Amino acid sequence: MSHALAVTGLRGVVTVDPDGTQILGVRLTAGFLRISDAGLRGLIPPGVPLMGDRIEEGRVHFRVIYRGVEGAVQARPEVSPAGRLRLEIISARALIFPIPASMITFLFSSMAPDKPGIHAGEGGHPEIDLGEILAPAGITLPPLRHVHSGRGELVLTFSE
């Protein structure tokens, strides 16, 4: 994959003003978002101490910096009951030491950044709500219905 993000299979409605000269909003009803390793690195907003690293079959790898110590976190991408991208923390390391996943989820839930679309979900696992992130731009996104991670690519399926 040569792109960072690819959007395909879009269906939806564009709302325009009465004159037909200005787009007022876009309501998507379905679509796919393909995210490459490079896209993952650029997906997380500034100020969040989490950086995308790479995507593998069934796992997404992140780097975390906490109080000057860099660590590595592996997460399983899932769909949350709220239709968000849930990153279930499955392992973590700082330097050469393993860290319990429960400690990472506790830290995230207690220090979750106050950023639109970033939430501490069930069990403190990070959740990303792309619909909430896109809402200020006038784009309404349906809930996430399916997620698949393969070598170098994360595929998100949205539909009503």
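All values derive from a computational prediction rather than experimental measurement. (Residues numbered from 1 in each chain as written. Predicted model: local features only at pLDDT ≥ 70, side-chain atom pairs only at ≥ 80, totals over all residues. Heavy atoms only, no water.)

Q: Describe the overall build of the protein, and please don't skip the residues or the numbers.
A: Along the backbone of the protein there are three helices and twelve strands. Radius of gyration (C-alpha) of the protein: 17 Å, near the 15 Å computed for a compact globule of 160 residues. Each principal axis of the C-alpha atoms in the protein carries an extent, and together these give about 60 × 30 × 25 Å. Taking all 160 residues of the protein together, the buried fraction comes to 39%. (Helix = DSSP H or I, 4+ residues; strand = E, 2+ residues; numbered from the N terminus. Rg over C-alpha atoms; globule rule 2.2 N^0.38 Å. Buried < 20%, exposed > 50% of the residue type's maximum accessible area, 1.4 Å probe, protein only.)

Q: Before we move on, could you go through the pattern of salt bridges and cite the residues and values that matter?
A: The full count for this structure, using the stated rule, is twelve salt bridges. Across the pair E78 and R76 runs a salt bridge whose closest N-O atoms are separated by 3.6 Å. (Salt bridge = Lys/Arg side-chain N within 4 Å of Asp/Glu carboxyl O.)

Q: Residues and numbers for a nonpolar patch on the surface, please.
A: On the surface, a cluster of nonpolar side chains totalling about 450 Å² of accessible area is made up of V69, L95, I96 and F97. Secondary-structure assignment places V69 in strand 5 (residues 69-79). What makes V69 partly exposed here is its relative accessible area of 38%. (Patch = residues over 30% accessible without salt bridge, like charges linked within 9 Å, V, L, I, M, F, W, Y side chains within 5 Å. Areas by Shrake-Rupley, 256 points an atom, 1.4 Å probe, with all protein chains shown as cover.)

Q: Account for the nonpolar core, with residues named and values stated.
A: Counting 27 residues, the largest nonpolar core has F62, L85, L130, L154, L156 and F158 as its most contacted members. Elements supplying a minimum of two residues to this core: strand 2 (23-36), strand 3 (50-56), strand 4 (59-66), strand 5, strand 6 (85-94), helix 2 (101-111), strand 11 (144-150) and strand 12 (153-159). Here L130 is in contact with L33, L43, L141, L156 and F158, once residues within four sequence places are set aside. (Core = buried A, V, L, I, M, F, W, Y, C linked by side-chain atoms within 4.5 Å. Contact = heavy atoms within 4.5 Å.)

Q: Describe in detail the pairing of strand 1 (residues 5-16), supporting the description with residues and values.
A: Both strand 1 and strand 2 contribute to a ladder of ten bridges, which runs antiparallel. Across the sheet, residue L5 finds its bridge partner in strand 2, namely I35. Linking strand 1 to strand 2, which pair antiparallel, is a turn of six residues; within it G20 sits at a positive phi near 75 degrees. (Pairing = 2+ DSSP bridges.)

Q: A description of the environment of I65 should follow, citing residues and the corresponding values.
A: Take I65: it is sitting in strand 4. Overall, I65 belongs to the partly exposed group, its relative accessible area being 40%. Once the C-alpha coordinates of I65 and A94 are considered, the two residues, 29 residues apart in sequence, prove to be 9.3 Å apart. Not counting chain neighbours up to four residues away, the residues in contact with I65 comprise P49, M51 and E70.

Q: Explain unusual backbone geometry to me, using residue names and the numbers behind them.
A: Although it is not a glycine, L95 sits at a positive phi angle of roughly 60 degrees. Within the element layout of this structure, L95 appears in the loop between strand 6 and strand 7 (97-99). According to the relative accessible area criterion, L95 is exposed, its value standing at 68%.

Q: Talk me through the environment of G58; I want residue IDs and the actual numbers.
A: Relative to the helices and strands, G58 is located in the loop between strand 3 and strand 4. Judged by its relative accessible area of 31%, G58 is partly exposed. Spatially, the C-alpha atom of G58 lies 7.2 Å from that of H148, the residues being 90 residues apart in sequence. When neighbours within four sequence positions are excluded, G58 is seen to be in contact with A75, R76, P77 and S149.

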